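# Survey of secondary and tertiary structure
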Amino acid sequence: MSTQPTYDQLAPLPAFAVQPVPSAFEDSNGFLNVRHYLGIGSEGLDESLYDLGIPFNWPVLTGFACLSAEHHLTYLHELRTGDEMSVRVRLLGRAERAAHAQVYVLDDTNGRVACVFEEIFLCVRLEDRKTAPWPEDIAQGLDQRIAEHAELPWAPVTSGSLALR
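Basis of the calculations
- Residues numbered from 1 in each chain as written.
- Predicted model: local features only at pLDDT ≥ 70, side-chain atom pairs only at ≥ 80, totals over all residues.
- Heavy atoms only, no water.
- Buried < 20%, exposed > 50% of the residue type's maximum accessible area, 1.4 Å probe, protein only.
- Helix = DSSP H or I, 4+ residues; strand = E, 2+ residues; numbered from the N terminus.
- Pairing = 2+ DSSP bridges.
- Core = buried A, V, L, I, M, F, W, Y, C linked by side-chain atoms within 4.5 Å.
- Contact = heavy atoms within 4.5 Å.
- Expected span 1.5 Å × (residues − 1).
- Polar contact = N/O pair within 3.5 Å; in protein donor to acceptor, adjacent residues only side chain to side chain.
- Phe/Tyr/Trp six-rings, centres within 6.5 Å; stacked < 30°, edge-to-face > 60°.
- Lys NZ or Arg CZ within 6 Å of the ring centre and 35° of its normal.

Before going further, it helps to spend a moment on the pairing of strand β4 (residues 98-107). Most of β4 sits inside the fold, with 10 of its 10 residues counted as buried. Burial along β4 is two-sided: Ala98, His100, Gln102, Tyr104 and Leu106 and Ala99, Ala101, Val103, Val105 and Asp107, pointing in opposite directions, are all buried. Relative to β4, strand β3 (residues 84-94) runs antiparallel, the two being bridged by nine bridges. In the strand pairing of β4, arginine 94 is matched with alanine 99. Hairpin geometry of β3 and β4 is characterised by an intervening segment of three residues between the two adjacent antiparallel strands. When β4 meets strand β5 (residues 112-125), the two strands line up antiparallel, connected through 10 bridges. Residue histidine 100 lies in a different strand from β5, and its bridge partner there is isoleucine 120. Hairpin connection between β4 and β5: a loop of four residues separates the two successive antiparallel strands, and glycine 111 in this loop has a positive phi of roughly 65 degrees.

In terms of nonpolar packing, the biggest core is built from 32 residues, with Leu79, Val87, Leu91, Phe121, Trp134 and Leu142 touching the most fellow members. With five residues, the top contributor of residues to this core is β5. Excluding its chain neighbours within four sequence positions, the residues that come into contact with leucine 91 are Leu52, His100, Ala101, Phe121, Leu142, Arg145, Ile146 and His149. With eight residues, the next largest nonpolar core counts Leu13, Leu106, Val116 and Trp154 among its residues.

Between its first and last C-alpha atoms helix α2 (residues 35-49) spans 23 Å; for 15 residues at 1.5 Å apiece the expected length is 21 Å, and the two agree. Those residues of α2 lying buried are His36, Tyr37, Ile40, Gly41, Ser42, Gly44, Leu45, Ser48 and Leu49.

The phi dihedral of alanine 17 is positive, around 50 degrees, even though this residue is not glycine. With respect to the element layout, alanine 17 can be found in strand β1 (residues 16-20). The phi torsion at arginine 129 lies on the positive side, around 60 degrees, for a residue other than glycine. Checked against the element boundaries, arginine 129 lands in the loop between β5 and β6 (130-131).

Further remarks concern the side chain of aspartate 107. Checked against the element boundaries, aspartate 107 lands in strand β4. Separated by 2.9 Å, the side chain of aspartate 107 and the backbone nitrogen of asparagine 110 make a polar contact. In this view, aspartate 107 contacts Tyr7, Glu78, Leu79, Asp83, Glu84, Arg112 and Ala114; residues no more than four positions away in its chain are not counted.

Overall, the coordinates contain five aromatic pairs when judged by the stated rule. The interplanar angle of 75 degrees and the centroid separation of 5.2 Å between the aromatic rings of tyrosine 37 and tyrosine 75 together place this pair among those described as edge-to-face. Of this pair, tyrosine 37 sits in helix α2 while tyrosine 75 sits in strand β2 (residues 64-75), and the two are 38 residues apart along the sequence. A residue is classified by how much of its surface remains accessible, and tyrosine 37, at 4% relative accessible area, is buried. The interplanar angle of 85 degrees and the centroid separation of 6.0 Å between the aromatic rings of tyrosine 104 and tryptophan 154 together place this pair among those described as edge-to-face. Within this pair, whereas tyrosine 104 is found in strand β4, its partner tryptophan 154 is found in the segment after α4 (136-150), the two being separated by 50 residues in sequence. As far as burial versus exposure is concerned, tyrosine 104 and tryptophan 154 are alike and both buried. If you follow arginine 90 out to its NZ or CZ, it ends over the ring of tryptophan 154, 4.6 Å from the centre.

Keep in mind these numbers describe shape, not what the thing actually does.
Following this line, the structure appears as structure tokens:
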């Protein structure tokens, strides 16, 4: 079985959703509750798309939105309340109406990868809630970022359960 990239391999990527684990997210064991890993990772993914032309108010500006279709999560290490965490994103591919990303939630306090998840997200026209082709400028930005990420010196370890169609 392959191992995920190390903290040191991921740390040079841009950091998103940088924050300490808030006490409000703590479970009864003193760790980050499992339900918040996806939310924090999704926040980081959203932030990573901003400079590709998908700001937080993209739906208001354009009538398009990015909606999640599938996820696969792997938990590697627990985060404790107060630990510093951040998110790194690697875009893996794009289809006409979808994109495939790998999202890493890092434990910056202890220098390790806490969680990794894959996501398939869709371009959706809000007017009728149907998938739509990526606008040309967004498609170009996604393609450029995917090409940049393909040049990273380490291979992503995917679940094998998600794929673009």
